[in-house]
Amino acid sequence: MKKEFLEIGKFVGTHGVRGMVRIQPWSDDGEFLTKFKNFYLDNGKAKIKMNKITPHGNVVIAAVDGIDTIEDAEKLRNQVLYIKRADAKLPDGRYFVSEIIGAQVFDADTNVLLGTLTDVSPTGANDVWHIKSGEKEYLVPAISDVIVDVNIDNDIITIRPLKGIFDNED
């Protein structure tokens, strides 16, 4: 489901003594965060601005307006960073993981409800979707041969599961 605010990362520490922060980005790469000027805390309740955002290995180093000391920067540690969904320009067919969590997953050929998408695990080669049905959890590779359609507006995903993933398959 499209949300007004999206989790985009987490403050994981400080950098230097002048209030710079380290952010763990929750995107394909830290470069994505450089496209934004306005960020939010507390699920969109508090707006913050960043002047300088630089990818640095697996984190992003940033200067937050009004944060000038290491002590102030330390107060941000473990807080989740949000962006406004309307500010994110994604190509057609792309979406944020947080927008598909909770979606109902259907079989493309039988229209049978397979379960609910509960988590996504990045594995390097491709993501793996966790689909829960009752007490069982199924792991489905998020590859083009499997994923038929992702409708974030209606919280519906249609897949063509690989043989053997679900119990009722031959």
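Preceding block: the structure.
Description of the structure in this document. (Residues numbered from 1 in each chain as written. Predicted model: local features only at pLDDT ≥ 70, side-chain atom pairs only at ≥ 80, totals over all residues. Heavy atoms only, no water.)

What follows covers the overall build of the protein. Within the protein, the regular secondary structure consists of two helices and twelve strands. Going from N to C terminus, the protein has its helices and strands arranged as β-β-β-β-β-α-β-α-β-β-β-β-β-β. Dimensions of the protein along its principal axes, counting C-alpha atoms only, are 60 × 30 × 25 Å. Considering the protein as a whole, with its 170 residues, one finds that 39% of them fall into the buried category. Taking the intrachain contacts of the protein between residues at least 6 apart in sequence as the baseline, contacts between residues at least 24 apart amount to 51%. (Helix = DSSP H or I, 4+ residues; strand = E, 2+ residues; numbered from the N terminus. Buried < 20%, exposed > 50% of the residue type's maximum accessible area, 1.4 Å probe, protein only. Contact = heavy atoms within 4.5 Å.)

Within the fold, His15 resides in strand E1 (residues 5–15). Residue class for His15 comes out partly exposed when judged on its relative accessible area of 34%. Note: C-alpha distance between His15 and Ile70 (55 residues apart in sequence) is 7.9 Å. Beyond its immediate chain neighbours, meaning those up to four positions away, His15 contacts Met20, Val21, Arg22 and Ile61.

Sheet analysis places E1 next to strand E6 (residues 80–84), joined by five bridges and oriented antiparallel. Its bridge partner being in E6, Glu7 is matched across the sheet by Tyr82. Two strands pair when backbone bridges link them, and E1 and strand E2 (residues 20–25) are joined in this way by six bridges, in the antiparallel orientation. Its bridge partner being in E2, Phe11 is matched across the sheet by Ile23. What sits between the antiparallel neighbours E1 and E2 is a turn of four residues, in which Gly16 has the positive phi angle 80 degrees. (Pairing = 2+ DSSP bridges.)

One pass over the structure, following the stated rule, counts five aromatic pairs. Taking the centre distance of 5.2 Å and the plane angle of 65 degrees together, the rings of Phe32 and Phe36 count as edge-to-face. We classify Phe36 as buried; its relative accessible area is 6%. Cluster of aromatic residues (ring-pair linked, three or more members): Phe32, Phe36, Phe39 and Phe96. (Phe/Tyr/Trp six-rings, centres within 6.5 Å; stacked < 30°, edge-to-face > 60°.)

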